[in-house]
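The chain contents come next:
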Amino acid sequence: MPGLLQSVLLLGALLAFSPSLLAQKEDPRQAHYWQTVRPILRQHCTSCHNGEDKKGGINLERYDFIISIVRDGELFSKVIDVVNEGSMPPEIRPPMSQGEIDTLTHYINNYLETALAEKDPGIISPRRLNNQEYRYTLIDLLGVDVNTDSIFPADPSGGAGFDNQARILYLSPLLLERYFETADLAVEQLYAQDSAWRAMVPVYENSFGQSLKNWWHEFWHEEDISWQAPSKQADKVLEAFATRAYRRFLRAEEKQMLGDFFKKVYLDAKEQEQPYDLAIKETLKLILVSHHFLYRQEADPEIELPYEISGFELASRLSFFLWSSIPDERLLNAAYRENLHDPAVLEREVKRMLKDPKAKRMGAQFAIQWLELRKLTDPAFQLDPEIYPSYSPILRDLMLAEVESYFNYVMLESQNLLELIDSDFSFINEALAEHYGIADIKGSEMQKVSFASGERGGLLGMAGVLTATSLPTRTSPVLRGKWVLEQVLGTPAPPPPPNVPELEASHDTAAGPQTLRVMLEKHRADPACSSCHNAMDPIGLGLENFDGLGRWRESYGELSIDPAGVLKSGESFAGPSELKQILLTKKELFARNFSKKMLSYALGRSLGFKDSPTIKELQQSLIDTDFNTTAFIITLVNSYPFRYKKSDNADIQS
Amino acid sequence: MKKSWHISRRRMLKGMGACIALPLLEAMNPSILRASSFGEPPKRAAFMFAPNGVCPGKWAPEKLGSDFALSPILSPLKGFEKDILVLQQLMNKHSISTVDGHYTKTANFLTSMEITRTIGANVNSGGVSIDQLIAQKTAKETIFPSLVYGIDRISSGVDANVGFTRLYGSSISWKTPTTPCAKEIEARFAFDRMFRTIVPRRDAKAENPYKQSILDVVSEDAKSLQRNLGIADQNKLAEYLESIRSIEMRLENQDQLEDFKAGISPSIKKELTHLDIRIDEYVDITAGIDITEKVRLMLDIMALAFWSDASRVGTFMFGNSVSGRNFSFLEGVRANFHSLSHHQNDVRRMTQYEKINHWHIEQIAYFLQKLKSIPEANGTLLDNSMVLFGSGLSDGNRHSPFNLPIMLAGGGGGCLKTGQNLLFEENTPLANLYLTMGRTMGVEMESFADSTRELGEILA
């Protein structure tokens, strides 16, 4: 018996602690991996990506078993991507044969895909409302607009680069203090607007009969019941408010709790003027600092398998995704009376929500962050005023407004996402038109303006993008190229190798602009730099006709500008217009990148390997529909991770 | 015999918050004991961080020992030679990472540990930062456990290149390894939060009388949720409850607040009123553009917090890492900080880089001057403080984490032997300095991060 027990324990230990051993026995593909696939990695990858050098922080030497490849599936999807793209192995190394590329990518894909057969929607942590969501929520809830940006500490960003990522949205004592002050301020502000206040909190007056009854009770029963009648009326007001604030129905004990608090304040303030309004105000403030209001918390029952989230939870996910705020009453009603998981109901609601003006918040929230344009409003971002005297906060805000209006138009009206890359129009006003050198645009309203030539249309010709990717004193082809690779195509270059100075800085600001191209070319001659800079620099140099504020220029003073170039992938172009045409052919990359960005934004979490089926589905939906945005959003909200979750209770480490 | 010796030593240290750093026999010396006995001014610690490193060859004074001449970058500290320690060859070994760049050398500047590479799913700085460790000790004594100041808001976005959230480049104070402290960047808010009860604002309104009751209800409610929650849920709930607790403590501790108010001498009050007006002027007139004034306001607030004993420990970030702040307001500077830090050994660029470093030290000199101008006991506030200045990089051009530029000013309440330019053995842990500072502040620590020993050389 002890012997048997021992072997059982030993086996258990083996199972528990060495999955690789287990996999080695179980996975019939293991021997083939060793014979055919691993040798390719060993021959082409591990001379740099080994345990010692770890180029780019990557060590491919330690993958002896298929199961460890699967565990790092995300990394290996990237391995496949860069091998397929041809960006790895770098040019200085012997290339892989087509046969080797096919074998490697085919089998690794196969390992990964088998692993993906088990669906996983991921864990959704409780998410604090971020500063903007908090602001929009107060607008929708109270009609009061508080500039939270200047009051609250900034929110950190995570995931695909957004400030709505659950794990990283901390709450500090400092912020909670500000929540208190803001709740106070907002409620008092609403109270000060009599008609708005009365619309939400109907007036309460003790009838004569009620006063008599109160007095009678006090006299004969020595019991103060003066709170009872106002409480009854207050309950309705408070419940309606809390339901919207908490985005769900209240539990009985929650109603009780709010009622008790109202009563306490009411009795305490009985002798003051308007004790009823005072008690309501304080209870509203309480709701606004409650955990239920500040956090979007979904239930985490003890269920091991992924499960469908509740109707109210889905309503919140929808409204925070599309409106950066709480659901409206119609949406809450739909969640309560109908099945929001029903694709038809979901589609109807989404279409309705996209028509609501609140959907335009996506421009400021999603687009500006996706495109890394928050940088412009960072106080630390200051341009050299002597070189750019016309740059001002006013011009900057117009630059941002152009991107927002344009994005919203593409997203909500024309619904053709490819217009982000190229089009023949934009939204500008008189001041911005002057900046661009376009005549005959009048007024301060952003208006749709068509361009005569093909250079300006699309994000790449927008002053906001072109300014944010410049340095304080000049343009930066490297930063612009990097921006296109990262934000548009989603193929970021790896970081420069340690101890190699950043190329960007190699150019002296006092030197003439002509040296810029020359310097960059010189640097690209260095093999350590070339594999990435061959990808970045030509794109940026192709945009050199746009100066550091995005204005068109034909030359750098006496020296002419040569915007022509050849992309790393081989296509050549004469200038910005042709460059955009080439980018338009890279539809798959753009679709994939946009899908990842928006999925991470919609879920409020980092994406992992297990999300790749959803990303593929979204990418495909764009390609199949000629980049129709509504179809895309409907695919997204119907997707598995958007409607399901895995309980954190069961297992956080998956 | 040995055992009881240990106990009495610990008890003594606990009771006195004395210079633990001292060798035992000296610590037993009655004259030292007197210096740290009850009624003496408390010790303060400030940690000032600058991004992007310093210009090579211009930081450390040439001559070692106590008779050194200031280096070009340190030249604004003229007159403070006897108050400072230049500490060469310190480093954070966990900054050497497979991933190069700034983030791994910023978030861990005060934790001396290795940070987790993440775009946000599992942020971890490796440890509690030294300032927060000290704050845990001094929190009971003051109305604010610590001050976490800076001038830049958290940089937006993630760095797709290297796979880090930019939060890492924006935070040096870590309450727990996974929770960065929120940074105050507006002088108006920082001032009001601490001194509003002393210098009321014109539009001030009284504290909400129901605040305590609201706190009671919402925390009770949140606590009832605690059962049956997921792991991440519990963490988030704990953050919420802790924040409530910290507000409650301040509300409950009216005695402490009264003590604090009673301790505000007429001269502190005068300074506060003056500073209040300057902050208004700054907001109204310069519209927040003048960065030198912005820094100085924050540093003045910190100095006044130390003086009034509102808090005893603070951090200040001159900028987030990779800060691209444009310094062309300085004569002869024509580009942004980060670009210039990658100087490529080009003399013209290095000169500008050096000028920016020099500007940082000018602000430190301003702060030290402020502390020195405030008499306290038999000396000045500076004598009772430790002000660390440093960067997570040495030469920004190479992102080098070795031989960091580190300078410590102030007497540490008589514990430090200032006025030295010291060259330590190569790769001496920066954590050794933190261990020494922590102990000087009265924190009982066996070790800190990768520390190997106390820096006896800097102790009096």
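Preceding this section is the structure that the text describes.
Residues numbered from 1 in each chain as written. Chains lettered and ligands numbered in written order. Predicted model: local features only at pLDDT ≥ 70, side-chain atom pairs only at ≥ 80, totals over all residues.

Help me understand the pairing of strand β11 (residues 385-390) of chain B, please; the structure alone is not making it clear to me.
Successive residues of a regular strand alternate their side chains across the two faces of the sheet. The buried fraction of β11 of chain B amounts to six of the six residues, a majority that puts the element mostly inside the structure. Residues Ser385, Val387 and Phe389 of chain B of β11 of chain B are buried on one face, and the alternating residues Met386, Leu388 and Gly390 of chain B, pointing to the opposite face, are buried as well. (Buried ≥ 20, exposed ≤ 12 C-beta atoms within 10 Å, placed from the backbone. Helix = DSSP H or I, 4+ residues; strand = E, 2+ residues; numbered from the N terminus.)

Is there a simple way to think about the packing of helix α19 (residues 361-370) of chain A against helix α20 (residues 393-414) of chain A in this case?
Any two packed helices are characterised by the angle at which their axes cross and by the distance between the axes. Residue and element names in this part refer to chain A. For the pair α19 and α20, interaxial distance at closest approach is 9 Å and the crossing angle is 105°. Classified by the angle their axes make, α19 and α20 are roughly perpendicular. Every residue of α20 that contacts α19 at Met362, Gly363, Ala364, Ala367 and Ile368 is listed here: Leu400, Val403, Glu404, Ser405, Phe407, Asn408 and Met411. Residue composition of the contact of α19 with α20, grouped by class: eight nonpolar, three polar and one charged. (Axes fitted to C-alpha atoms, helices over the stretch in contact; angles between N-to-C directions. Parallel < 35°, antiparallel > 145°, perpendicular 65-115°, else oblique. Contact = placed C-beta atoms within 7 Å. Nonpolar A, V, L, I, M, F, W, Y, C, P; charged D, E, K, R; others polar.)

How should I be thinking about the packing of helix α28 (residues 612-624) of chain A against helix α29 (residues 629-638) of chain A in this particular structure?
All names here are of chain A. Remark: α28 packs on α29, axes separated minimally by 9 Å, with the N-to-C direction vectors making an angle of 160°. The angle between α28 and α29 falls in the class roughly antiparallel. In the crossing of α28 with α29, the sense of the turn from one axis to the other is right-handed. Each of Glu617, Leu618, Ser621 and Leu622 in α28 lies in contact with α29, whose residues at this interface are Ala631, Phe632, Thr635 and Leu636. Per-class residue counts for the contact of α28 with α29 are five nonpolar, two polar and one charged. (Left-handed = near helix turned anticlockwise from the far one by under 90°.)

When you look at the nonpolar core in this model, what are you seeing that I'm missing?
The nonpolar side chains of a soluble globular protein tend to be buried, and buried together. Ranked by internal contacts, the top residues of the largest apolar core, which has 266 residues, are Met48, Met298 and Met302 of chain B. Counting residues per element, this core draws most heavily on helix α10 (residues 291-307) of chain B, which supplies 12 residues. By size, the runner-up hydrophobic cluster in this structure holds 16 residues, among which are Ile66, Val83, Met96 and Leu104 of chain A. (Core = buried A, V, L, I, M, F, W, Y, C linked by C-beta atoms within 7 Å.)

What am I meant to see in the sheet that holds strand β8 (residues 313-317) of chain B here?
Hydrogen bonds along the backbone pair up the strands of a sheet, which may run parallel or antiparallel. All names here are of chain B. Taken in spatial order, the seven strands line up as β3-β8-β1-β11-β12-β2-β13 in an open sheet, and their pairing is mixed. Looking at the sheet topology across the chains shown, the edges are occupied by β3 (147-150) and β13 (420-429). Here the average twist between neighbouring strands, direction ignored, is 15°. Both strand β2 (residues 84-91) and strand β12 (residues 406-409) contribute to a ladder of four bridges, which runs antiparallel. Each residue of the ladder has a partner; that of valine 86, found in β12, is methionine 407. (Pairing = 2+ DSSP bridges.)

What's the story with the interface of chain A and chain B in this structure? I'm lost.
Put simply, an interface is often sized by how much accessible area is lost when its parts join up. Counting residues at the interface gives 73 residues for chain A, matched by 68 residues for chain B. When contributions to the side of chain A that touches chain B are tallied by element, the ones reaching two or more residues are α9 (173-192), α13 (252-268) and α14 (275-289) of chain A. It is α9 of chain A that contributes the most residues to the side of chain A that touches chain B, seven residues altogether. Tallied by class, residues from the side of chain A that touches chain B come to 34 nonpolar, 20 polar and 19 charged.

As far as function goes, none of this settles anything; it's purely spatial.
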